[in-house]
Each structure stands twice: as C-alpha cells, then as structure tokens.
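Chain by chain, the residues:
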Amino acid sequence: MSHILARIKGAKLENVKKVLKADEQVHANAGLRLQRLWQNVDDKDEVWFLLYSDDLKRARQFIDKVHAKAIEENANANLPQMVFLEEAL
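Presented here is a report on the structure given in the accompanying data block.

1. Here's the deal with the pattern of salt bridges
Right, on to step 1. Under the definition given, this model contains 6 salt bridges.
Right, on to step 2. In this structure, Glu 46 and Arg 7 form a salt bridge, with 4.0 Å as the shortest nitrogen-oxygen distance. Taken as a pair, Glu 46 in strand E3 (residues 46–53) and Arg 7 in strand E1 (residues 2–9) lie far apart in primary sequence, 39 residues in all.
Right, on to step 3. Of the residues examined, Glu 46 reaches a relative accessible area of 7% and is grouped as buried.
Right, on to step 4. For Arg 7, a relative accessible area of 23% corresponds to the partly exposed category.
Right, on to step 5. Between Lys 12 and Asp 45 there is a salt bridge, with its nearest N and O atoms 2.7 Å apart. Here Asp 45 lies in the loop between strand E2 (32–39) and E3 and Lys 12 lies in the loop between E1 and helix H1 (13–22), a separation of 33 residues in the sequence.
Right, on to step 6. We classify Asp 45 as partly exposed; its relative accessible area is 28%.

2. Section: the layout of surface pockets
Gaps between atoms show up when a probe of the same size as a water molecule is rolled over them.
Right, on to step 1. Volume-wise, the largest pocket comes out at about 530 Å³.
Right, on to step 2. Only H1, helix H2 (24–29), E3 and helix H3 (56–73) provide two or more residues apiece to the lining of the largest pocket.
Right, on to step 3. The leading source of residues in the lining of the largest pocket is H3, at 5 residues.
Right, on to step 4. Approximately 170 Å³ is the volume found for the second largest pocket.
Right, on to step 5. Leu 20, Lys 21, Glu 24, Gln 25, His 27, Ala 28, Leu 32, Arg 33, Leu 34 and Leu 51 are the residues that line the second largest pocket.

3. Quick notes on the nonpolar core
Right, on to step 1. The biggest cluster of nonpolar side chains holds 17 residues, and the ones touching the most others in it are Ile 4, Val 16, Leu 32, Phe 49 and Ile 63.
Right, on to step 2. Of all the secondary-structure elements, those providing two or more residues to this core are E1, H1, E3 and H3.
Right, on to step 3. No other element matches the 4 residues that H3 contributes to this core.
Right, on to step 4. Setting aside anything within four residues of it in sequence, one finds Ile 63 in contact with Ile 4, Leu 32, Met 82 and Phe 84.

4. Considerations on the environment of Pro 80
Right, on to step 1. Note on placement: Pro 80 falls in the loop between H3 and strand E4 (81–86).
Right, on to step 2. For Pro 80, the contacting residues outside a window of four places in its chain are Ala 6, Arg 7, Ile 8, Phe 49 and His 67.

5. With respect to the sheet that holds E4
By way of backbone hydrogen bonds, the strands of a sheet pair with one another, either parallel or antiparallel.
Right, on to step 1. In space, the 4 strands of this open sheet follow the order E2-E3-E1-E4, with antiparallel pairing throughout. Across the chains shown, the open sheet's two edge strands, defined by having one partner strand only, are E2 and E4. The sheet shows a mean angle of 20° between the axes of neighbouring strands, direction not considered.
Right, on to step 2. Of the strand pairs in this sheet, E1 and E4 are connected by 6 bridges, and their pairing is antiparallel. Across the sheet, His 3 pairs through a bridge with Leu 85, a residue of E4.
Right, on to step 3. Sheet strands in contact with H1 are E1, E2 and E3, and its direction is about 175° off that of E2.

The rules we used
- Residues numbered from 1 in each chain as written.
- Predicted model: local features only at pLDDT ≥ 70, side-chain atom pairs only at ≥ 80, totals over all residues.
- Heavy atoms only, no water.
- Salt bridge = Lys/Arg side-chain N within 4 Å of Asp/Glu carboxyl O.
- Helix = DSSP H or I, 4+ residues; strand = E, 2+ residues; numbered from the N terminus.
- Buried < 20%, exposed > 50% of the residue type's maximum accessible area, 1.4 Å probe, protein only.
- 1 Å grid on protein atoms, 1.4 Å probe; cavity = no way out; pocket = protein on both sides within 12 Å on 5 of 7 lines; lining within 4 Å.
- Points joined across faces, edges and corners; volume = space filled by probe spheres on them.
- Core = buried A, V, L, I, M, F, W, Y, C linked by side-chain atoms within 4.5 Å.
- Contact = heavy atoms within 4.5 Å.
- Pairing = 2+ DSSP bridges.
- Axes fitted to C-alpha atoms, helices over the stretch in contact; angles between N-to-C directions.

Shown next, in the form of structure tokens:
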C-alpha cells in the first residue's frame, strides 16, 4: 500500500477542495484516490491531503507530468510538495 502526502501553502481550503473534486476522475484514472484532507489550524492558508495509490511508480510519473506542465504554463505555479510513502509493516 502506498500513499502520497501533500502540503500546499498559500492556498485556501475551499479552493483546494474544488481542485481535488474537479480532478477526481483524472486522479482515479491514474490510480490515485483522495483519503484525507486537512487544514492547518495555526495557518489557515496551509492545506494537507493524503492520496492512496495502488501503483506508486505510476502515481509519481503522473504527478511529475502534471506538475511539469503546470510549471511550463506558469513558472510561479503554487504546487503542493509531495512525499511518496510506502507502507513498511
């Protein structure tokens, strides 16, 4: 079982929710599923979310491609920091 923990700063929770909802089917096609969404109580402009992936290599390739395209379109795009995690137990 693999997960991706993401953190985005400078973003409103409602905006992140909208983007994740709009991208839900695209994420599903890439083997990603949103599991949790949090807002930092001490910094309302910091949002964390947890994605599940059944294929971490495929998920990483998809995310790298999407982020590269976003940077190509806008060098200052506010993208989440992604941490790729594999279950150790």
